[in-house]
Amino acid sequence: PARIEVMRRHPVLLLDGCAKGIAFSVQALKYRSVDEPEGEGNLRGSREGFADLLRVNLSLLRRLVRTDDLVLEVAQADTAAGTEYAICYCRGKADPAMVRQVRQTLAAAKPELLLDSSYFVPWLLPSRARLFTQRPAAASAKLCEGRIVVLVNGSPSAMVLPALFCENFECLDDYASTAVFASFLRVLNYASFYLTVFLPGAFVCLAVYLPELIPPQLLYKIEAAEKATPLPLFAEMLLVILLLEVIREAGLRMPQSLGHSVSLVAALILGDAAIATGLMSTPVIFVASITSIAVFVTPALYEPATLLRIGVVVAAGLAGPVGLAGAFFVLLLSLSGTGMLGVPYLAQHPFPQSPLAEDGVIRRNYRYLSRKGFNIWQKRR
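Below: a short report on this structure. (Residues numbered from 1 in each chain as written. Predicted model: local features only at pLDDT ≥ 70, side-chain atom pairs only at ≥ 80, totals over all residues. Heavy atoms only, no water.)

**Quick word on the packing of helix α12 (residues 302-319) against helix α13 (residues 321-336)**
Worth spelling out the cut-off: For helices, the fitted line uses only the C-alpha atoms of the stretch in contact; every axis is such a line through C-alpha atoms, and the angle between N-to-C directions lies from 0 to 180 degrees. For the purposes of this entry, the term helix denotes a DSSP run of H or I that reaches at least four residues, the term strand denotes a run of E that reaches at least two, and both are numbered from the N terminus. Should any heavy atoms of two residues lie within 4.5 Å, those residues are considered in contact. Gly counts as polar in this scheme, as do all residues outside two lists: the nonpolar Ala, Val, Leu, Ile, Met, Phe, Trp, Tyr, Cys and Pro, and the charged Asp, Glu, Lys and Arg.
One way to put it is that α12 packs onto α13 with a least axis distance of 6 Å and a crossing angle of 145°. Taken together, the residues of α13 that come into contact with α12 (itself represented by Leu308, Val312, Ala315, Ala316 and Ala319) are Pro321, Val322, Gly323, Leu324, Ala327 and Leu331. Residues of the contact of α12 with α13, tallied by class, amount to ten nonpolar, one polar and no charged.

Structure below.
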């Protein structure tokens with residue numbers, strides 16, 4: 001073993017008469033510097049983001065959480081590459097049984113490759129109950145609440161266990177701003193999420209099945225625009241949504257210097273040409289554009305929101321109001337039955353008696369919230 005460590009460029013300390021040695025990690029490795037993460041913007045607070053090297057990320061956590069209760073357990077995954085990962089938690093705040101369960105689950109997991117913390121998701125939790133962060137400040141706040149943070153060498157994303165649905169609508173700026181403005185932003189975030197999921201389906205449902213509920217002037221314009229298009233409204237909405245996703249994927253995967261050009265060409269030329277040739281109508285493109293913009297208000301929910309939007313459009317187009325209502329209740333029941341490490345993804349009841357209390361959809365003053373600490377395990381079933 002000592003020879004292997006030396007071959008890995010680890011100096012080994014050996015003592016005469018001692019059967020074991022101590023290996024030190026002192027390599028000067030090249031890695032990406034600690035920059036501000038692009039996917040989590042904030043106005044106040046730390047600008048630091050996790051790097052790709054595991055020991056750098058652990059040092060960032062240690063610098064923010066200066067307590068002996070912080071535990072950083074580094075282990076090696078059962079993969080061909082032997083990638084290292086770390087389980088981070090605060091002793092006395094995290095549930096020991098849940099920490100032991102996570103430790104055993106990750107030790108028994110055998111992914112073919114381990115390039116990101118999300119590779120552990122199939123072994124740990126349902127795919128719809130995920131929470132990742134690239135900010136050490138956010139991860140440190142979760143650790144102080146009793147969470148478990150999983151870091152993987154080579155990835156700047158930290159997986160937080162367990163997660164709550166409401167945390168997708170929160171950010172660090174909420175607690176740096178006034179309570180009134182932070183509450184306004186949270187309400188706006190919730191409204192944007194439900195808008196991006198249900199607006200296209202509601203538009204299809206009203207225009208096809210319940211046109212009498214639309215104001216006459218708006219209905220005449222929608223009818224005139226649809227007469228000039230060869231496709232039915234339901235198929236047209238699906239086509240526009242899929243085209244917008246193709247444009248987004250092309251702009252994301254192409255080189256950065258060309259990505260903005262692709263988005264600009266698609267927005268101006270293709271959109272104008274589609275309306276001029278009569279392939280798509282203006283109301284459908286307008287509704288689809290609003291939903292595409294609203295989804296970026298909650299970037300953590302982009303993947304489920306996109307799939308849910310398509311599912312709601314299909315349900316509303318095939319079954320009308322019944323399909324729209326059914327899609328809503330299926331989503332509600334699915335989230336209500338989701339849990340992680342014994343903690344429900346939503347509240348214990350779908351409609352709690354006080355949903356706006358303290359730190360929910362709206363929040364109280366931070367001085368009031370600081371009077372009593374919050375621990376995630378208080379929300380256990």
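Having put the structure on the table, let's press on.
**A word on the environment of Ala327**
Convention followed: When a residue's accessible area, from a 1.4 Å probe over protein chains only, is under 20% of the maximum for its type it is buried; when over 50% it is exposed; and in between it is partly exposed.
You can see Ala327 is positioned in helix α13. According to the relative accessible area criterion, Ala327 is buried, its value standing at 18%. Sequence separation between Ala327 and Gly201 is 126 residues; the distance between their C-alpha atoms is 9.7 Å. Once residues lying within four places of it in the same chain are set aside, the contact partners of Ala327 are Val312 and Ala315.

**Some details on the side chain of Glu245**
One can find Glu245 in helix α9 (residues 233-253). Judged by its relative accessible area of 18%, Glu245 is buried. Setting aside residues no more than four positions away along its own chain, Glu245 makes contact with Tyr302, Thr306 and Arg309.

**Notes on unusual backbone geometry**
Trans peptide bonds make up most of the peptide bonds, and negative phi angles are found at most residues other than glycine. In this structure, the amide linkage connecting Leu161 to the following residue, Pro162, adopts the cis form with an omega of -15°. For Pro162, the location among the structural elements is in the loop between β7 (158-161) and α6 (173-176).

**Things to note about the sheet that holds strand β6 (residues 148-152)**
Strand pairing in a sheet takes place through backbone hydrogen bonds and is either antiparallel or parallel in direction. How we decide: Two strands make a pair as long as DSSP finds a minimum of two bridges between them.
Strand order across the open sheet formed by five strands is β3-β4-β6-β7-β5, with antiparallel pairing between neighbours. In this open sheet, the two strands that pair with only one neighbour each are β3 (70-76) and β5 (132-133). Pairing of β6 with β7 involves three bridges; the strand directions are antiparallel. Across the sheet, residue Ile148 finds its bridge partner in β7, namely Leu161. Packed onto the sheet, helix α5 (residues 136-144) meets β3, β4 (84-90), β5, β6 and β7 and runs at close to 50° relative to β4.

**Some remarks on the pattern of salt bridges**
A side chain of one charge can pair with a side chain of the opposite charge when the charged atoms of the two come close. What counts is decided by this rule: A side-chain nitrogen of Lys or Arg and a carboxyl oxygen of Asp or Glu constitute a salt bridge if their distance falls within 4 Å.
Taken as a whole and judged by the stated rule, the model has nine salt bridges. The closest approach of N and O atoms between Arg147 and Glu167, which form a salt bridge, is 2.2 Å. With Arg147 in the loop between α5 and β6 and Glu167 in the loop between β7 and α6, this residue pair connects regions lying 20 residues apart in the sequence. Here Arg147 matches Glu167 in class, with each residue buried. Here Glu170 ties to Arg186 by a salt bridge, and the two come within 3.9 Å at their closest N and O atoms. Of this pair, Glu170 sits in the loop between β7 and α6 while Arg186 is found in helix α7 (residues 179-208), placing the two residues 16 residues apart along the sequence.

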